[in-house]
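The lines below spell out each chain.
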Amino acid sequence: MAATCPNCGKKLHIWNVKAECSACGISIPNYNWQARLEKDNVRAEKAFASFYKSLNMIAYSIWGTKLRIARLVLTFLPAIGFILPWATLSSEGESFDLTIYGLFTGNNSLVEFFQGFFGNMSLFFTNMKFENYGGALTFSVIGYLLFVLSALFIVIAFFFNIIMCKHPKTKSIVVFDVLSILASIASVIMFVMSGSVASQEVAFNFGEMPVINASASISWGYFVALVLLLVATGINIAVAKAPAKSDEVLEEERLARKAEKDEKERQKAIEKEKARKEAEKAQAEEQKRIVEEAKAKIAEKEAKEAKKNKK
């Protein structure tokens, strides 16, 4: 209940449970309901306007132009690069690929790294501490973590298309693309460095997996992945520099599409009503014809009977 009566201003207390004011007698819940209804309508219109504005900008940001449609396609392509081998740590024991899954070589990959790391995290930190966080294991772990970071940045870049839809010329997406590229370069460097250090250490344990006489090198998959990342960055730069439509223009286009759709529906309704009337008319004419034929037959029959009776 309100703290004061909206009509007379009488202060209301917790024990004033009646709907009517004890001083002036008006119904407090129903007081000035028309004005409040109008205010609610105004608020609802503003809410719908804001909702349509957001929908317009999201749709425009993702597929509003041919360039943005091309961006949508090219933004997904870098995901292919993360299933390719970026670098390989080969050894007489276990071998590792810097990739999500060892599809091409059958070597251990990010999947096995996560299984081992989260299965016995203390073992990894103990071994890294043993090499003063500057050995082959440390470098390879950092390489995997930077690989994950690169993938995370490219995913963030994609979702920023929606998050920053109200700013169609934003360069924040490009920033995350660049961060993804830098993280990918750093991950490959760390992985190759782990091989260089491993050749000096002779052997080390990658969690519970032995690595013996290891060497590392960049794989062909990274060059493909880097090209895909650069293409995604380039298309985002092009979109950021391209002219963008304002909220007003997008709303006008939406209303024009809505008006066109409504007109088509109206024309369909007119055609449907016309067809219904023609069907009714045809049915009435058919019914009239049937009645006339029935009358003619009855008249003919009666004439024959009359003629027969005269005889």
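Sequence order as written defines the numbering, with residues in each chain counted from 1. Totals for whole chains, interfaces and linings use every residue, but because this is a predicted model, local features are given only for residues with pLDDT of at least 70 and side-chain atom pairs only at 80 or more, for both listing and counting. Side-chain metrics in this entry use all non-hydrogen atoms of the structure; hydrogen atoms and water are not considered.

Side note on the overall build of the protein
Regarding its fold elements, the protein presents nine helices and five strands. Against the 2.2 N^0.38 benchmark of 19 Å for 311 residues, the protein shows a C-alpha radius of gyration of 39 Å, more extended than a compact globule. Taken over the C-alpha atoms alone, the protein extends approximately 130 × 85 × 45 Å along its principal axes. Relative to all contacts within the protein whose residues are 6 or more apart in sequence, the contacts with residues 24 or more apart total 64%. Areas reported as accessible are Shrake-Rupley estimates using a 1.4 Å probe. Residue values count occlusion only from the protein chains shown. As presented, the protein carries roughly 19600 Å² of accessible surface, and 63% of it is formed by carbon and sulfur atoms. Each charge class in the protein can be summarised by its mean position, and for the 39 positive and 32 negative side chains these summaries are 11 Å apart. Only DSSP runs of H or I covering at least 4 residues are called helices, and only runs of E covering at least 2 are called strands; the numbering of each starts at the N terminus. This radius of gyration counts C-alpha atoms alone. The globule rule is 2.2 Å times how many residues there are, raised to the power 0.38. It only takes one pair of heavy atoms within 4.5 Å for two residues to be counted as in contact. Asp and Glu count as negative and Lys and Arg as positive, but His and the ends of the chain are not part of the count. By convention, charge coordinates are those of NZ in Lys, CZ in Arg, CG in Asp, or CD in Glu.

Comments concerning the side chain of S219
Relative to the assigned elements, S219 resides in the loop between strand 5 (215–218) and helix 8 (220–241). Classification of residues uses two cut-offs on accessible area relative to the type maximum, computed with a 1.4 Å probe and protein chains only: under 20% is buried, over 50% is exposed, and between them is partly exposed. Judged by relative accessible area, which is 10%, S219 ranks as buried. N or O atoms closer than or at 3.5 Å make up a polar contact, with two conditions inside protein: a donor-capable atom paired with an acceptor-capable one, and, for residues adjacent in sequence, both atoms drawn from side chains. Engagement of the side chain of S219 in a polar contact is seen with the side chain of T88, the distance being 2.9 Å. Discounting residues that sit within four places of it in the chain, S219 has contacts with P85, W86, A87 and T88.

A word on the packing of helix 6 (residues 136–163) against helix 7 (residues 172–201)
An axis is simply a line fitted to the C-alpha atoms; with a helix, the fit covers only the stretch in contact. Between two such axes, the angle follows the N-to-C directions and lies from 0 to 180 degrees. Across the interface, helix 6 lies against helix 7 with an axial gap of 7 Å and an inter-helix angle of 165°. In terms of axis orientation, helix 6 runs roughly antiparallel to helix 7. Of the two possible hands of crossing, helix 6 and helix 7 adopt the one that is left-handed. Here the term charged refers only to Asp, Glu, Lys and Arg, the term nonpolar to Ala, Val, Leu, Ile, Met, Phe, Trp, Tyr, Cys and Pro, and the term polar to all other amino acids, Gly among them. Its residues assigned to classes, the contact of helix 6 with helix 7 comprises 22 nonpolar, nine polar and two charged. Convention used here: angles under 35 degrees read as roughly parallel, angles over 145 as roughly antiparallel, angles from 65 to 115 as roughly perpendicular, and any remaining angle as oblique. Crossing handedness follows the turn of the near helix against the far one: under a right angle anticlockwise gives a left-handed crossing, and clockwise gives a right-handed one.

Quick notes on unusual backbone geometry
The phi torsion at N132 lies on the positive side, around 60°, for a residue other than glycine. Its location among the elements puts N132 in the loop between helix 5 (121–130) and helix 6. Of note, the phi angle at N213 is positive, near 45°, even though the residue is not glycine. Inspection of the secondary structure puts N213 in the loop between strand 4 (209–212) and strand 5. With a relative accessible area of 41%, N213 lands in the partly exposed category.

A look at the pattern of salt bridges
Every case where a carboxyl oxygen of Asp or Glu lies within 4 Å of a side-chain nitrogen of Lys or Arg is listed as a salt bridge. A complete count under the given rule lists seven salt bridges for this structure. Here R289 ties to E293 by a salt bridge, and the two come within 2.4 Å at their closest N and O atoms. Of this pair, R289 and E293 both sit in helix 9 (residues 247–310), four residues apart, which is roughly one turn of the helix. Of the residues examined, E293 reaches a relative accessible area of 38% and is grouped as partly exposed. The structure contains a network of salt bridges with shared partners spanning E273, R276 and E280.

Brief notes about the sheet that holds strand 1 (residues 87–90)
A pair of strands is treated as paired once DSSP finds two or more bridges between them. With antiparallel pairing, three strands are arranged side by side in an open sheet as 2-1-5. Since the sheet does not close on itself, it has two edges, and those belong to strand 2 (96–97) and strand 5, each with one partner. Both strand 1 and strand 2 contribute to a ladder of two bridges, which runs antiparallel. By the bridge assignment for strand 2, L89 is matched with F96.

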